[in-house]
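Now for the letters of each chain:
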Amino acid sequence: MSEWKCKERQGEYAEFYWDEGKEKKKIEKENECFYKFRVERLKNIENRKEFLKITVYLGKIQKNKYDEDCSIKYDEDCSIKLSMKNLENGLIDLREYGIVFSDDNIRMKLKRKIESCYWMIPVKDEEDEEIKELNEEKFQEFLFGVYEYFNGDEKDNNNAGKKGNCWYMRVILFNNIAARFGYKENEIQDLRKRLKKEKLIIAEDKRYTKTVRYFEGKIPVRVIVFHGENLERTIKNLEQDIDEMGADEE
């Protein structure tokens, strides 16, 4: 018996596909045999509302050289985002992309299958574009603030200093600068992760701080170690981007 099946994939999404059962080797295939639907649950981190991202993979028949049997190769074709309450209309709207079901009943079966397997679909937080833009701006302002502290008049040699390519900043100062640019206490760890990922700090494994005897009195203190060369290069690139944006506006 032909029906929709669901598989969870790597804890990231669920895949829905049409299973023809015992008739799966026939050449005269229904439309649904050529579609696979990758479904992701996304939750807005601000308002906690959920929506679905549905990516459609379109199949093409791959015949062997003897034409005795065939397989189907799937490639990504299109994707849509919608709320659960608009799931039915969203599946109908896929017609605009050439995704047409054999009949309305099969489309409704897919809708019900997604609903019945909803809690099998892994949920992920996702920022909307406006929030992403604001967070990127906050990160850039933080970098400028750190760079200014190391190189400007505000510098306090007992809280931050340079030794070659290692730029030391006491953890308490790092946290204070982060707070000044809008980072909450529960966001500090993610900030450190991003700095490490972008090679802006020197860190080992999941330890983002080091203990050094650099400052006055040579007392051991915990510091964040910025990669001076990479930080300077990043600031230079950001300043260049700002100058280019200003020129475009003129």
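Everything that follows concerns the structure shown earlier in this document.
Every chain's residues receive numbers from 1 upward, in the order its sequence appears when written. In view of the model being predicted, local features appear only for residues whose pLDDT reaches at least 70, and side-chain atom pairs are presented and counted only at 80 or more, with totals across whole chains, interfaces and linings using the full set of residues. The side-chain figures draw on all heavy atoms in the structure; neither hydrogens nor water molecules are used.

## Quick notes on the environment of Ser2
For clarity, the cut-off: A run of DSSP states H or I qualifies as a helix once it reaches four residues; a run of E qualifies as a strand once it reaches two. Both are numbered from the N-terminal end. Any two residues having at least one pair of non-hydrogen atoms within 4.5 Å are treated as being in contact.
Within the secondary structure layout, Ser2 lies in the segment before strand E1 (3–9). Between the C-alpha atoms of Ser2 and Asp19, which are 17 residues apart in sequence, the distance is 5.4 Å. If near-sequence neighbours (up to four positions away) are discounted, Ser2 is found in contact with Trp18, Asp19, Glu20 and Glu30.

## Focus on the pattern of salt bridges
The condition that has to hold: We define a salt bridge as a contact between a side-chain nitrogen of Lys or Arg and a carboxyl oxygen of Asp or Glu at a distance within 4 Å.
Across all of its chains, the model carries 17 salt bridges by this definition. Linking Asp125 and Arg48 is a salt bridge whose minimum nitrogen-to-oxygen distance equals 3.4 Å. With Asp125 in strand E6 (residues 123–126) and Arg48 in the loop between strand E3 (35–44) and strand E4 (50–63), this pair connects stretches of sequence that are 77 residues apart. Across the salt bridge formed by Lys210 and Glu204, the nearest N and O atoms sit 3.4 Å from each other.

## Topic: unusual backbone geometry
Here is the rule: Only protein chains enter the accessibility calculation, which uses a 1.4 Å probe; a residue whose area is less than 20% of its type maximum is buried, one above 50% is exposed, and one in between is partly exposed.
Its identity is not glycine, yet Lys199 carries a phi of approximately 60°, on the positive side. For Lys199, the location among the structural elements is in the loop between helix H5 (188–197) and strand E9 (210–212). You can call Lys199 exposed: its relative accessible area is 57%.

## Remarks on the packing of aromatic side chains
Two aromatic rings, taken as a pair, are described by how far apart their centres are and by the angle between their planes. Put simply, the rule reads: For Phe, Tyr and Trp, rings pair up if their centres lie within 6.5 Å, where Trp contributes its six-membered ring, and each pair is then called stacked (planes under 30 degrees apart), edge-to-face (over 60) or tilted (otherwise). A positively charged side chain is recorded as over a ring if its NZ (Lys) or CZ (Arg) lies within 6 Å of the ring centre. The angle to the ring normal must also be within 35 degrees.
Within the structure shown, the criterion is met by 13 aromatic pairs. When the ring of Phe142 is compared with that of Phe174, the centres are 5.5 Å apart and the planes differ by 80°; the resulting orientation is edge-to-face. Of this pair, Phe142 sits in helix H3 (residues 129–151) while Phe174 is found in helix H4 (residues 171–180), placing the two residues 32 residues apart along the sequence. Across the pair, exposure class does not vary: Phe142 and Phe174 are buried alike. Grouping aromatic residues by their ring pairs yields a cluster made of Phe142, Tyr147, Phe150, Trp167, Phe174, Tyr183 and Phe226. Its guanidinium or amino end placed over the ring of Tyr13, Arg38 lies 3.9 Å from that ring's centre, counting from NZ or CZ. A cation sits over an aromatic face here: Arg194 above Phe139, 3.8 Å from the ring centre.

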